[in-house]
Every structure is written in structure tokens, then in C-alpha cells.
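Analysis of the macromolecular model
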Protein chains: 6
Amino acid sequence: MHIHWSDDEIAYDGSQLRAHWLLARFGLVGDALVGFRGPCRVTADEMADLADLDGPGIAGADMVHFVWESFAAPDLLLAVHRQRLLSAQAAEVLGVLRPGSGLRRSGDDLWVGDGKLSISIATVTPVSSLIHFAVNATAGGAPVRTMSLSELQVEPHAFARQLLERVAEEQQSIDVARAKVRAKGEWR
Amino acid sequence: MHIHWSDDEIAYDGSQLRAHWLLARFGLVGDALVGFRGPCRVTADEMADLADLDGPGIAGADMVHFVWESFAAPDLLLAVHRQRLLSAQAAEVLGVLRPGSGLRRSGDDLWVGDGKLSISIATVTPVSSLIHFAVNATAGGAPVRTMSLSELQVEPHAFARQLLERVAEEQQSIDVARAKVRAKGEWR
Amino acid sequence: MHIHWSDDEIAYDGSQLRAHWLLARFGLVGDALVGFRGPCRVTADEMADLADLDGPGIAGADMVHFVWESFAAPDLLLAVHRQRLLSAQAAEVLGVLRPGSGLRRSGDDLWVGDGKLSISIATVTPVSSLIHFAVNATAGGAPVRTMSLSELQVEPHAFARQLLERVAEEQQSIDVARAKVRAKGEWR
Amino acid sequence: MHIHWSDDEIAYDGSQLRAHWLLARFGLVGDALVGFRGPCRVTADEMADLADLDGPGIAGADMVHFVWESFAAPDLLLAVHRQRLLSAQAAEVLGVLRPGSGLRRSGDDLWVGDGKLSISIATVTPVSSLIHFAVNATAGGAPVRTMSLSELQVEPHAFARQLLERVAEEQQSIDVARAKVRAKGEWR
Amino acid sequence: MHIHWSDDEIAYDGSQLRAHWLLARFGLVGDALVGFRGPCRVTADEMADLADLDGPGIAGADMVHFVWESFAAPDLLLAVHRQRLLSAQAAEVLGVLRPGSGLRRSGDDLWVGDGKLSISIATVTPVSSLIHFAVNATAGGAPVRTMSLSELQVEPHAFARQLLERVAEEQQSIDVARAKVRAKGEWR
Amino acid sequence: MHIHWSDDEIAYDGSQLRAHWLLARFGLVGDALVGFRGPCRVTADEMADLADLDGPGIAGADMVHFVWESFAAPDLLLAVHRQRLLSAQAAEVLGVLRPGSGLRRSGDDLWVGDGKLSISIATVTPVSSLIHFAVNATAGGAPVRTMSLSELQVEPHAFARQLLERVAEEQQSIDVARAKVRAKGEWR
């Protein structure tokens, strides 16, 4: 899989979570995970999570975004597992960059106290699976109480780079694990 | 999925990682995750990970074991993702029970410094997928440098109960997430 | 899977056979089968079966409807098998409620003599599989010769309740069967 | 799919429920359903259903057997649905040949009163799915209370021929249904 | 699978590469491959290959077209393999009809020198997989340097008939191969 | 995928067509295609193709072998398509190295006149798919009339290298094609 950090500021409105956006925007062909920074305001038309449709909205003034598209294994159940693992990986990276913050993962969300640090969704297209995961870089613009990398004193770019690399390494190690295991038989 | 803690001490030798062992031993029908305590010595015949075949052996005098069998989604790639998420969940539970220990997850393994806390494998049978995950309860009996729950001052039963519940809750929330998401279309 | 009978009269026009309608209308999250009563007039835009597009139309003044959405196993071939089994189950329930009626199943349709008792379709969405199955509660409104529960002297609500329960029980028993069977090998 | 009735008497011991037995015995290449008559005594080694391992045994002095192997869609969940539909089809055929017998289907089993008419299992091999379904032709030899075609005054060969044809026709109509349906979209 | 040659001239604009076009146009139900002759001008809206969207266009004044829809195995990875095999089969047929032409296959394209003989795409719909493959019958109308059947002195109809038959035979032999092979186990 | 040519002579007896042989022998982790030279004598126990079990045997004194294991997409139907494409690729490579030989592909076999140049099988293991493809390097040792690279005046090593590279390139281009295509909708 390709990993890429884009220095362009991109305003995320949910339309980026579509098949082949990573190809069109960054020229990346195949499974890819890209990080970038920018504001967030997801339109109702582009909301994938039906639970959000009647909610307070999905927004933030300044977030670090990750968009992951996979063509090789486009199953929704797998995509949700990958999304949960991505959230756990983000928490692990933050735990090293800023130990003792009390950060915790609840499903696909990261929290510090009652402040929500992240947003996320996993879904499918007719040809791929897609994950969006984003954390607040600085405070502001969200319809709910938030926490941000700035308040955690974590540098957004450093966090993003480390997360991109950690995900790529773990996907590589998952492929290796799959290729090294013998099947098992019946108990009796 | 069923979760269950067994108070019986069971000596794990790898043969328990077979289809329908949970059914035969505990009468559990369908997807289930069971925890128990006991020594560990995996025979070469029962080793699923080929990387272990020529290694120092898989053993421990006193471990907390988890065996997870899934019939509903028996794909190996998914199973490895589940295994990684299980390891992350175990680290998260330990992070709450014993903050500041320096525990870290590397793939499916948990470490404290250069002490290996856990062992794990994910594989498939012709009818299911299987995961074994175990952490050292007390020190001793392992062919490598280890860390243990005892050294972390974590009570094994409390840890196991919390992990079982966390996994069941997250699998439930994964099913909910899958059932609430809309598909997305093409970028252009 | 959830089963639910709704006392609300709902006019079925085919738009209900869409992803997450059961979630939006009844708040049911995950695999669910819901029954309700109401007239039927499927618009051409909402017809899933291409064989119906140039046909006499799909309509009935008063029908008992069932809508089944499944996220856990959204394969079209499986969905058609489930639909056929659902039709068979409906015939079995009716055979108990009204023995000797001469009811017969032909594919996904139920007939008494030359009177068509039911309509049905199985299809997929990008995130789920969907089945619609409906039987005429009282005569009238259909573009073809029909039979109805009223003419069979079967109380619609009783029929619906029994069918919902029978389907849920059989899906449960199918899951149990899948979890209790050993794979087989080669003949030689 | 091929359907075939064999006039040879074959003693069924469970070993016939293996991959490519239909190929080796009858020269049939590909998906096939074959019927034959013969005694039944399934050895423990060949029992696929773990629920039977500690039971009274699976036996009958004179049964009409059906063995169905499918290479085109070898999924276990689908195989169990097919098995249930096969049982329903058998009940429907018997309902025409012998109306008013009080025959009922419970899962994969057919009953008349407290007499068990049939046995069945669905499983998988590494390359296919397999179904065995058999009904007692005449009474005797079973470890449980049974009913038989003879007691129902149904001629075994006629029953078998009609069931083989009904299954082939319905599989054909299922393929047609799958090829004629449009997908549906989101409710909102 | 059905194979069919249509004598009607059909102007291909890409809209024919949609689910159930073969059903609507030719009344073919199920997996089918149809050949016909006609001009080609694919509109941007109907281009499936994103690489073509900003390219010189897909057009030809007189081509022999093949459209293949498969409901039985609608996986995109398989569809691309089938498409490549189809291109190879076309080259093999042409190699017999016109030996020594220097025809070569590069991915899904056929070339003679620097003249492009064919165009092709493989994609999916929500219910099927689709392949379009077309070769220039006579020169002209293309935005790139081309080669044509006419320049190769190959009669278009003869070529099409032979290719249709070759594909059908090979798909049949692939099904036979799948049904005759035993699974293998572990090396150690 | 990895490609590798081994200079070691290896006597192929069919046992090499097992899961993880490429890992054990060459240390290759993940999808891999390896070529080597050596005699061939497949034992009955290791024959995967049931059609060969009662045949003249599978043997050759000196062959160029290819073993391909894939963990990423271990479907048997796909494996057979890959095998056919591999045979076509071998024919294409030979057509360039030795034009005008009259070489033709029939299914998975290559022929020159009535001389059989190659043998092949595609199968699955519980964790992967496997393909064996081999061509006679020099004449002799086969139970049927053969053709060989030597008789075609093709240098075995050059052929093998070119085929390995062609397969790797085409698998790469297949992945690219899958990642660049838009799905299509309904005809009406």
C-alpha cells in the first residue's frame, strides 16, 4: 500500500471519501493511505454514517485527516476492523508522543476526558473500501466538546508521519502473518 | 458471540486451537471467545505459525489464555486483523489497570521493555477461523525473556474478565457500525 | 436477527425495499425482518425484477408485507435461496393454519389453483441484501387473478406472527447447524 | 447441475459424503445431485454433525438417499440454506404424492407425528459443498422412532424422480432470478 | 454461458456496458457473451477506465465488439483475469487465421507493430461483472494509430464466430477443471 | 508477488505443490512464482487432478518447472483462470523466442503438432492457491508423445526468465487495472 503526506491544505467535506479520489488528487494507483491538514465540514449528502444524519454535524476548524482506499480487500466487515485498528494505532502513537494524557479509545473514537479528539467512518464503494479518520489539530469549529493535538502538545505533522508509517508497517506484517500460518483441523 | 471465563486450569498444548474445541469443552455453539488459566507448551505438530517451527519453542509455566473461534466470518485476512485488534484491546485494558508501565504493542505481541508479555496466532480451519492469545500470568517456563501480569501487579482474572467484555462490546459495536453506513460513489 | 410486526398501515410502493429503510422507519439496527399490512402499488422505478417492468404491474389493495434486510451475509445467490425458503415457510405456516387448501409453492410464488397468493423479490444493495414477500390479505386491486388470506379464512395477523417466528427460529437453527458440522475430505 | 437416479443399491456409511465421490462413482463432472436406494449406517469417523457423535447413531435398513455436491458455490452458509430448501422441497413433493399425511418439516428433518422420516447433513470440503438427505423407504433398522415412505404409501422411485427434477428446476429458476434483478439503493 | 452473434449493426457508445443490456437487447438470461459489428464512440460519462477520461477518446468507425456479462462470479479481480484471457484467446484465434502477422498482446490490448488493434475494459455492476472487447474491423475513426482485421485480411464474422466458440469452450473446460481437482495440504 | 529462478536442480514429485513449500525451500514470504529445472515423476498420492489418477502417469526426464502460490486471492476459480493465462503467456513467450513453430494452447496445455510440450494443474490448500506448470526441456521420460524446448531450439533458462518477468508484469498491470476502473450501473 502507498502512504503519502500532502502538504496542501484541503477542506474536507466528505466528497473526498469517494472511489478514486486518491487517484485523481494524488495520482496514487491502488491501495493507499494519505494524510493532510485542513478544515472539516461534512455535508449531509456526503455523510456515510446514518447515525450522523440527524446529529449535530461533523465539523472542525483545523484537523489532520487520513483517507484510506483499498481495492484488494473491499469487504465492509474487514474495513470496520481496519478502522478500529487504525484508531488503536493512532492512540498508540499518541501514547508515545504524549504519555500520561489519559487518552482512551472507544470504538473508532479517541477521547481525553470528555473531549472528543477524533472522527471516523468506514464504508464501501462498488469497487473499494474507504476509511476516513481525522483528529483535531487545534481547537475550534466543532459542534461538540473536543480535545486537540495542540492541547496535547503534539505536533500534527509528526503525529501524521508516525501514524502513516505504523499503519503501512502493520499492514505489511499482517500480509506476512497470513502467508506463514498453517491451517488447523478438527478437535475430534 | 459468546464470552466465557473457565475456572478450570487447562494445560494449553496447541491442540485446543482446533475447530469445535470450544464446543466440545464448554458446550458453546457458534462464535465464542473463552479465557482460562494454565501452563503452555505447544507441540511442534500443533504449531500454526511456521516461523515458530524452528524457534526456541512456545511455552510458559502459568499463562492466561484466550481462544476465539468464529464461524460467521472465517476469512484469514479478517482473522489476522481481529487478532491485532485483540492485542490492542489487551494493551488498552492493561493501560487502565496499570498505567505508566511502558507497555507497547508490536504486531500481535505485547512487550514491556525487552520482556515479552504475550504470544498469539491467528489461523483458519475448513469451517472457521481461530485465534489464540495468551499473556504470562507469573514469570517462568518461557524460552525467551518475558514480562508477566504478576510483575505488572495486574490480577489475572480481573484482566481476563475486562478483556472478554471489551472484545464482546467492540464486536457488537462493529456489527452496529456495519449496519448503519451508506455506501459511497465515484469521485468523478 | 430482529423480527417485528408493525401495526401501522404502510402503503408499499417498492421504495421501502432500499438499504436502511427498516432502520429509518423502525429503528432496527442490523439484520431484521418486519411485517406490516397495507396496499401495494410498485412504481416502475422501484421494480427490482426486470421481468416485471413490461408486465401487468405489481399491485394489491390489501396485503401482508414482509421486508427482510441482511447485512451479515449480503450475497445475492444466498438471498434468493433465503427468499425461496421464506416462501416455503409461508406455505408451511398456511398449511397448518388452513390444511387441505391445495396451496402450492412455485419458485417464490404461492398459488391456490390459478389464483396467485403472493409476490416476492430478492435483491442486493451496496451494503446489504433485501427480500420483499407479500401475500394478499383480502381480494382486490391486483392486475392478475389472485387468491387471498381472507378467501383461505386465515387471519392475517396470526399468519404474520407465526411466519416471523418461524423464520427467526430457522435462521437461528441454521447458524447452529453451521457451527456444529465437521468438514469432509476426499473420496480417494 | 446434473441430476441422476442410480438403480444400484448402495450401502451408505457416510464415506460417500466426500469430495468427488459422485465423480468417481457415476462419472459426473461438476455440480450434481444423485439419488439411490440402500441401507444406512454412518460410522463415527464419517459423521459430519458433531451433535450426532454421542447420539444413538444414524442408521436405517432401507432408505432413499440423495447426495449433492456443488463446486460452483461452496459456501457453508449457502449449503445449509440449500439443505433446508431441499427438505422443504421433499415435503412439498410428498404433500402432492400423499396429501393429508400430517407431514411437517422441522429444520432439515421431516416428521409424521413422532416418527422421523428423514436424516440430513450439509457440510463442506476444501473444494466443494456437500449435502446428504435420506428418507426411510421401509421401516426398520433405525435407532429412533421412524416413519417411512412405505407407511405413507409412497413409491420410493417416484418420489426420488420427482424430487430430483424439482430441485434441478428450482436451481435453474434461482439462477434465472439472480440474472434478472436490479440492485436497489439507499432509503435516504 | 450463452454465446451469440448479432447481425444487427449496433453503434457502441459505452452505455451498452451496463447490467442487463444483453438481457434487454437479446433476451439472454444469465451469463452471456455477444458479438456484433458497428462504430464505436464512447462518451465520457460511460467510460469505465479512469485512465481514458483525459485521453484522446475511445472511437473507431467500424469495429467487431464483444460484451460479456457474468452473474455467477461477479468479482472484479476475476473479471480482469478473464479479460486478459479473452485478449489472449483473440490473439490465438488471429494467429491461426493469419499466421506470421507479428500480432502481440500487451495486457488487454492487441498490437501489430505500432498499430493498436483492440480496445477493452473489465468492470463490475452491483449484480454482475462486465467485459467489453473490440477490434477494428476496418481502418478509420480512431484517435490513435490503429491496425484492423481488414489490413490483416481476416474476415470479421469468421473471427468473431471462432472467438465466441473458443471462449465458451474454455469456460466449460475451466468449470470441468475446477470440479476434478483435489486440494493439497501443508509441506510440513 | 515475488519471482525467482533457482539454479538448483529439483526433482519434482508433486509434494512440492503444497502450502508453504516456496517459503520452506526458498524463504519467500507471500505470493511467489518460482522456476527451476529437474526431472518430474508425480506420485499418485500427490496427483491433484483426478483425471490423472488412472492415466499414464505424469513424468519427464528434464523439465522447466514453475510453482506459484498465492495467499492474497486463494479462490479456485480464479486460480484456474490464472493457470490458463499462464499457459497463454508461456505460448506468447515461446512465439517470440521461436516464431512459426506451430505451437498452440489447448486449455492449460501447450502442443506442437501431436507432441505435448507442457503439464499443468491448479488447486487450493486451506490457506492458498497453487499452480504447477512445466514444459519439457529435453525429450525423454514421458509416458506420452512430447515436444521439448530443445526440439524448439529454445534455451530453457532464457524462456523461464522471460516468463517469470512477463507474469509478474501482468499481475502488476492487473492490479493497476482493478484500481482504475469505475463501476457501471443498470441499462434501464
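Residues numbered from 1 in each chain as written. Chains lettered and ligands numbered in written order. Predicted model: local features only at pLDDT ≥ 70, side-chain atom pairs only at ≥ 80, totals over all residues. Heavy atoms only, no water.

In this complex, chain D contributes 56 residues to the contact, which on the side of chain C involves 56 residues. With both chains or domains summed, chain D and chain C bury close to 4,700 Å², and 56% of this area falls on carbon and sulfur atoms. Ranking the residues of chain D by area buried against chain C places R182(D), K184(D) and W187(D) at the top, with a combined share of 19%. Where chain D meets chain C, there are eight salt bridges. Between E170(C) and R105(D) there is a salt bridge, with the nearest N and O atoms lying 2.6 Å from each other. Summed over the shared surface of chain D and chain C, the number is 40 residue pairs in polar contact (both at pLDDT 80 or more). Elements that contribute at least two residues to the side of chain D that touches chain C include exactly α1 (21-26), α2 (50-53), α3 (76-97), β7 (118-124) and α4 (156-179) of chain D. Considering each element in turn, the side of chain D that touches chain C owes the most residues, eleven residues, to α3(D). Taken together, the residues of the side of chain D that touches chain C break down into 28 nonpolar, twelve polar and 16 charged. (Contact = heavy atoms within 4.5 Å. Buried area = accessible area lost by both parts, 1.4 Å probe. Salt bridge = Lys/Arg side-chain N within 4 Å of Asp/Glu carboxyl O. Polar contact = N/O pair within 3.5 Å; in protein donor to acceptor, adjacent residues only side chain to side chain. Helix = DSSP H or I, 4+ residues; strand = E, 2+ residues; numbered from the N terminus. Nonpolar A, V, L, I, M, F, W, Y, C, P; charged D, E, K, R; others polar.)

Here we come to the nonpolar core. Counting residues in each nonpolar core, the largest one holds 130 residues, and the members touching the most others are F66(E), F159(E), L163(E), F66(F), F159(F) and L163(F). Those residues in contact with L163(F) that lie beyond four places of it in its chain are F66(F), L86(F), Q89(F), A90(F), V93(F) and F133(F). Listed in part, the 128 residues of the second largest apolar core include V127(B), W5(D), A48(D) and L149(D). (Core = buried A, V, L, I, M, F, W, Y, C linked by side-chain atoms within 4.5 Å. Buried < 20%, exposed > 50% of the residue type's maximum accessible area, 1.4 Å probe, protein only.)

With that out of the way, let us pick up the sheet that holds strand β8 (residues 129-136) of chain D. Residue and element names in this part refer to chain D. Strand order in the open sheet formed by five strands is β1-β2-β3-β8-β7, with mixed pairing between adjacent strands. Unpaired on one side and paired on the other, β1 (2-9) and β7 mark the two borders of the sheet. Here the strands of the sheet are splayed against their neighbours by 20 degrees on average, with no regard to which way each runs. The pairing of strand β3 (residues 59-70) with β8 spans eight bridges and is antiparallel. When the sheet's bridge partners are listed, V64 is paired in β8 with V135. (Pairing = 2+ DSSP bridges. Axes fitted to C-alpha atoms, helices over the stretch in contact; angles between N-to-C directions.)

On to the pattern of salt bridges, then. For the structure shown, the criterion picks out 72 salt bridges over all chains. Here D114(C) and R145(C) are joined by a salt bridge, their closest N and O atoms 3.4 Å apart. Taken together, the positions of D114(C) in the loop between β5 (109-112) and β6 (115-116) and R145(C) in the loop between β8 (129-136) and α4 (156-179) put the pair 31 residues apart, joining distant regions of the chain. Given the relative accessible area of 58%, R145(C) is considered exposed. Members of the salt-bridge network, linked through shared partners, are R84(A), R105(A), E92(B), R166(B) and E170(B).

Our focus in this paragraph is unusual backbone geometry. Residues and elements named next belong to chain F. Phi is positive for H20, which is not a glycine, with a value near 70 degrees. The topology assignment puts H20 in the loop between β1 (2-9) and α1 (21-26). Under the relative-accessibility criterion, H20 is labelled buried at 2%. Backbone geometry places Q153, a non-glycine residue, at a positive phi of 60 degrees. When you line up the elements, Q153 lands in the loop between β8 (129-136) and α4 (156-178). On the accessibility criterion, Q153 (67% relative accessible area) is exposed.

Next up on the list: the pairing of β8(D). Residue and element names in this part refer to chain D. Of all eight residues that make up β8, eight are buried, and the element is covered over most of its length. Here β8 shows a buried face lined by S129, I131, F133 and V135 and a second buried face lined by L130, H132, A134 and N136. Inspection of the sheet shows β7 paired to β8 by seven bridges, in the antiparallel sense. Along β8, the bridge assignment pairs I121 with H132.

The next point concerns the packing of helix α3 (residues 76-97) of chain A against helix α3 (residues 76-97) of chain B. In helix packing, the relevant descriptors are the interaxial angle and the interaxial distance, both defined with respect to the helix axes. One way to put it is that α3(A) packs onto α3(B) with a least axis distance of 9 Å and a crossing angle of 30 degrees. Regarding the angle of α3(A) to α3(B), the classification is roughly parallel. Here α3(A) and α3(B) pass one another in a crossing that is left-handed. Residues L77(A), L78(A), H81(A), R82(A), R84(A), L85(A), A88(A) and E92(A) of α3(A) form the contact with α3(B), whose own contacting residues are L77(B), L78(B), H81(B), R82(B), R84(B), L85(B), A88(B) and E92(B). Counted by class, the contact of α3(A) with α3(B) contains eight nonpolar, two polar and six charged residues. (Parallel < 35°, antiparallel > 145°, perpendicular 65-115°, else oblique. Left-handed = near helix turned anticlockwise from the far one by under 90°.)

Of the transformation superimposing chain D on chain C, the axial component is 0.0 Å and the angular component is 180 degrees, with the fit at an RMSD of 0.0 Å. Both copies are brought into coincidence by an operation consistent with a two-fold rotation axis. The share of interface residues of chain D whose copies in chain C are also at the interface is 100%, consistent with both copies meeting through the same surface. (Least-squares fit on C-alpha atoms with pLDDT ≥ 70 in both.)

As a further point, take the interface of chain A and chain B. Every contact between the two is made by 56 residues of chain A and, on the other side, 56 residues of chain B. Area buried by chain A at its contact with chain B is led by R182(A), K184(A) and W187(A), which between them contribute 19% of it. At the boundary of chain A and chain B, one finds eight salt bridges. Here chain A is connected to chain B by 40 residue pairs in polar contact (both at pLDDT 80 or more). Ranked by residue count, the leading element in the side of chain A that touches chain B is α3(A), at eleven residues. Among the residues forming the side of chain A that touches chain B, the class breakdown is 28 nonpolar, twelve polar and 16 charged.

Below, the discussion takes up the relation of the copies chain A and chain B. Under the fitted operation, chain A is carried onto chain B by 0.0 Å of movement along the axis and a turn of 180 degrees, and the coordinates agree to an RMSD of 0.0 Å. Here 100% of the interface residues in chain A have copies in chain B that are interface residues too; the copies meet face to matching face.

Turning next to the packing of aromatic side chains. Per the counting criterion, the structure on display carries 30 aromatic pairs over all chains. Taking the centre distance of 5.5 Å and the plane angle of 85 degrees together, the rings of W21(A) and F26(A) count as edge-to-face. Comparing W21(A) with F26(A) shows no difference in burial state: the two are buried. Geometrically, the ring pair formed by W187(C) and W21(D) is edge-to-face, given 6.2 Å between the ring centres and 70 degrees between the ring planes. (Phe/Tyr/Trp six-rings, centres within 6.5 Å; stacked < 30°, edge-to-face > 60°.)

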